[in-house]
Amino acid sequence: MINIEDTLFVIIDVQDRLVTMLNKQEPIKKTSSILVNSANIMGIPVVLTEQYPQGLGKTILDVISQVDETSIIEKTSFSAMQTPEFADRIKSLGKKNIVIGGIETHICVYQTTLDLIAAGYNVVVAKDACASRSSDCFKNGIQLMKDAGATISNVETILFELLKSSKNPCFRPVQALIK
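Quick look at the structure, then. Counting starts from 1 at the beginning of each chain's written sequence and moves along it residue by residue. For a predicted model such as this one, the threshold for reporting local features is a pLDDT of at least 70, and the threshold for listing and counting side-chain atom pairs is 80 or more; totals across whole chains, interfaces and linings nevertheless cover every residue. Note that the side-chain values use all heavy atoms of the structure and ignore hydrogens as well as water.

### Details of the nonpolar core
Step number 1: Residues belong to a common nonpolar core when they are buried Ala, Val, Leu, Ile, Met, Phe, Trp, Tyr or Cys residues joined through side-chain atoms within 4.5 Å. Burial classes: relative accessible area under 20% of the type maximum marks a residue as buried, over 50% as exposed, and values in between as partly exposed (1.4 Å probe, protein chains only). Core analysis: the biggest nonpolar cluster contains 37 residues, and Phe9, Leu35, Met42, Val99, Ile103, Leu159 and Leu162 have the highest contact counts within it.
Step number 2: Each helix is a run of H or I in the DSSP string that is no shorter than four residues. Each strand is a run of E no shorter than two, and both are numbered from the N terminus. With six residues, the top contributor of residues to this core is helix H2 (residues 25-42).
Step number 3: By definition, residues are in contact when any of their heavy atoms lie within 4.5 Å. Ignoring sequence-local partners within four residues, the contact set of Leu35 consists of Phe9, Ile11, Val99, Ala126, Ala129 and Val155.
Step number 4: By size, the runner-up hydrophobic cluster in this structure holds 24 residues, among which are Ile73, Phe86, Ile90 and Tyr110.

### A closer look at the pairing of strand E1 (residues 7-12)
Step number 1: In terms of burial, E1 is a largely internal element, six of the six residues being buried.
Step number 2: Residues Thr7, Phe9 and Ile11 of E1 are buried on one face, and the alternating residues Leu8, Val10 and Ile12, pointing to the opposite face, are buried as well.
Step number 3: Looking at chain direction, E1 and strand E4 (residues 97-103) are connected through six bridges and run parallel. The residue bridging Phe9 from the neighbouring strand is Val99, located in E4.
Step number 4: Here, a strand pair is defined by DSSP locating no fewer than two bridges between the strands. As paired strands, E1 and strand E2 (residues 46-51) are joined by four bridges and run parallel to one another. When the sheet's bridge partners are listed, Val10 is paired in E2 with Val47.

### A few points about the state of the cysteines
Cysteine pairs can be linked by a disulfide, which is a covalent bond between their two sulfur atoms.
Step number 1: By disulfide we mean two sulfur atoms from cysteines, separated by a distance within 2.5 Å. This structure, assessed with the given rule, holds zero disulfides.
Step number 2: Distance from the sulfur of Cys130, which forms no disulfide, to the nearest cysteine sulfur (Cys108) is 12 Å.
Step number 3: Summary of cysteine pairing: Cys137 is not part of a disulfide, and the nearest cysteine sulfur, belonging to Cys108, is at 13 Å.

### Let's talk about the sheet that holds E2
Step number 1: Ordered by their spatial adjacency, six strands build an open sheet running E3-E2-E1-E4-E5-E6, and the pairing between neighbours is parallel. Bordering the open sheet on either side are strand E3 (72-75) and strand E6 (151-153), each of which pairs with just one other strand. Neighbour to neighbour, the strand axes of the sheet diverge by 25° on average, direction disregarded.
Step number 2: Between the N-to-C directions of two axes lies an angle of 0 to 180 degrees, each axis being a line fitted to C-alpha atoms and, for a helix, fitted only over the stretch in contact. Strands in contact with helix H5 (residues 84-93) are E1, E2, E3 and E4; relative to E2, the strand with the most contacts, it is inclined by about 175°.

### Re helix H6 (residues 105-118)
Step number 1: For a helix, the expected span equals 1.5 Å multiplied by the number of residues minus one. Under the 1.5 Å per step criterion, the end-to-end length of H6 is 18 Å for 14 residues, consistent within 8% with the ideal 20 Å.
Step number 2: Where H6 is concerned, the buried positions are Thr105, His106, Cys108, Val109, Tyr110, Thr112, Thr113 and Leu116.
Step number 3: Two residues or fewer past H6, Gly120 is found with a positive phi of approximately 100°.

### Structural notes on unusual backbone geometry
For residues other than glycine, phi is negative in most cases, and the peptide bonds are mostly trans.
Step number 1: Residue Glu104 is reached from Ile103 by a cis peptide bond, and omega for that bond is -20°.
Step number 2: Note on placement: Glu104 falls in the loop between E4 and H6.
Step number 3: A positive phi angle is found at Asp13, which is not glycine, with a value near 55°.
Step number 4: Judged by its relative accessible area of 0%, Asp13 is buried.
Step number 5: Even without being glycine, Lys164 reaches a positive phi, approximately 70°.

The structure is reproduced here in structure tokens:
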């Protein structure tokens, strides 16, 4: 099981224009926000990426308002690991478990996940915090990540796995986010 001390969250490209291209926008907004809020409560580092923000816009307000500017890394490669600043930041945080979510499941989340696994990280995909324009592409991306060795989970399961117990002082504030 993953734990708070060895985990970081990565949110890939949950940007204004990408979100508006999705059929179901509200679930990704909600789950991304819950992940970042929960990370803040539990003291888990968060790294956000933005794919070409000049063209695709900034990270959605619900998410970007919860992090400081240094948590955001601009990229043009589909795999965030191909952006040296991202790879260096991940390495400098010294965590072995990476919880990942974002847009699009079958492109940027998938490629980043494969590169993270190749670099020796344990990757947990928050399936309900991922999205693609097409449900077939979404399903394919999830299956490809599973086949590559990523653990496929969901936001609520991940959060309760991190908390371990209702006696954890972060339990009530995190629980309030998912009610």
